[in-house]
Amino acid sequence: MTTHTTGSFTFADWQEKVVAEAGGGGEGDGPKLASAVVTNHFTGGIAATGTSCAYTIVHTTGESGSAGSFTGHELVSGTLDGRAGSFVLAEHGTFDEKGTVHCVFEVVPGSATGELAGLRGTGGFTAVHGEPSVAYTFDYGLG
């Protein structure tokens, strides 16, 4: 049986640093590799304060700014529809020059603990630059 839940999250902290840049003809030419350590607060079906997330980000350059893609993992400790435990989400997505992020995620098999042991599931979100809260959806099963 699959359960559908929703909610939102906010970015509590975002620390990003450039790891490497491709040589080019000038400032902003070529792709840039960055890493980010992020903390989020979730409400709704997933209730968790201070998640820990690590991303690898590829910034490409376009006519009006940076676009690119990212992958990462997020450790979520809290509750899922009232059941306590923790789990890890594997996340990947893209972002465009306007700062809109499209992300899909899935539970890393075997990562769930406590009342969430055996958790499996997938979800996603679209984050619009400048909006304070990001809505997510999550479809999951236990056992």
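## Some remarks on the overall build of the protein
Each helix and strand counted, the protein has zero helices and nine strands in total. Taken from N to C terminus, the helices and strands of the protein fall in the order β-β-β-β-β-β-β-β-β. The dimensions of the protein, computed from C-alpha atoms along their principal axes, are 55 × 25 × 25 Å. Within the span of the protein, comprising 143 residues, buried residues form 36% of the whole. Relative to all contacts within the protein whose residues are 6 or more apart in sequence, the contacts with residues 24 or more apart total 50%. Carbon together with sulfur atoms contributes 55% to the accessible area of the protein, which is approximately 7,600 Å² in total.

## Quick word on the nonpolar core
Membership of the largest hydrophobic core comes to 29 residues, with the highest contact counts inside it found for I46, F87, F125 and F138. Elements with a minimum of two residues in this core: β2 (32-44), β3 (46-49), β4 (52-62), β5 (65-80), β6 (83-95), β7 (101-107), β8 (120-127) and β9 (134-141).

## Quick word on the confidence of the model for the protein
In the predicted model, the protein carries a mean pLDDT of 92, and 92% of its residues have values of at least 70. In the model of the protein, β4 stands out as the element of lowest mean pLDDT, 89, in contrast to β9, which has the highest, 98.

## Things to note about the side chain of E74
Within the secondary structure layout, E74 lies in strand β5. Here E74 sits buried without a salt bridge, and the closest side chain of opposite charge, R83, lies 19 Å off (N-O distance). Of note is the side chain of E74, whose polar atom sits 2.8 Å from the side chain of N40. Within polar-contact distance, the side chain of E74 engages the side chain of T51 at 2.6 Å. Ignoring anything within four residues of it in the chain, the contact list for E74 reads N40, F42, T51, S52, C53, F87, V88, L89 and E91.

## A closer look at the pairing of β7
Here β7 shows a buried face lined by V101, C103, F105 and V107 and an unburied face lined by H102, V104 and E106. The pairing of β6 with β7 spans seven bridges and is classified as antiparallel. Looking at β7, one finds that H92 is bridged to V104. Bridge count for β7 against β8 is six bridges, and the pairing is antiparallel. The partner of C103 across the bridge, within β8, is F125.

## Quick notes on the pairing of strand β1 (residues 3-21)
As paired elements, β1 and β9 share seven bridges and run antiparallel to each other. Directly across from G7, in β9, lies its bridge partner Y136. Two elements, β1 and β2, share 13 bridges in a ladder whose sense is antiparallel. From the neighbouring strand, Q15 faces β2, where its bridge partner is V37.

## Focus on the environment of T71
Topologically, T71 is positioned in strand β5. C-alpha of T71 to C-alpha of T122: the two residues are 51 residues apart in sequence and 15 Å apart in space. Excluding anything up to four places from it in sequence, T71 contacts A54, Y55, T56, E91 and H92.

## Topic: unusual backbone geometry
The backbone phi angle of D81 is positive, close to 45 degrees, even though this residue is not glycine. When you line up the elements, D81 lands in the loop between β5 and β6.

Reading guide: rules and limits
- Residues numbered from 1 in each chain as written.
- Predicted model: local features only at pLDDT ≥ 70, side-chain atom pairs only at ≥ 80, totals over all residues.
- Heavy atoms only, no water.
- Helix = DSSP H or I, 4+ residues; strand = E, 2+ residues; numbered from the N terminus.
- Buried < 20%, exposed > 50% of the residue type's maximum accessible area, 1.4 Å probe, protein only.
- Contact = heavy atoms within 4.5 Å.
- Areas by Shrake-Rupley, 256 points an atom, 1.4 Å probe, with all protein chains shown as cover.
- Core = buried A, V, L, I, M, F, W, Y, C linked by side-chain atoms within 4.5 Å.
- pLDDT = per-residue confidence, 0-100.
- Lys, Arg positive; Asp, Glu negative; His and termini not counted.
- Salt bridge = Lys/Arg side-chain N within 4 Å of Asp/Glu carboxyl O.
- Polar contact = N/O pair within 3.5 Å; in protein donor to acceptor, adjacent residues only side chain to side chain.
- Pairing = 2+ DSSP bridges.

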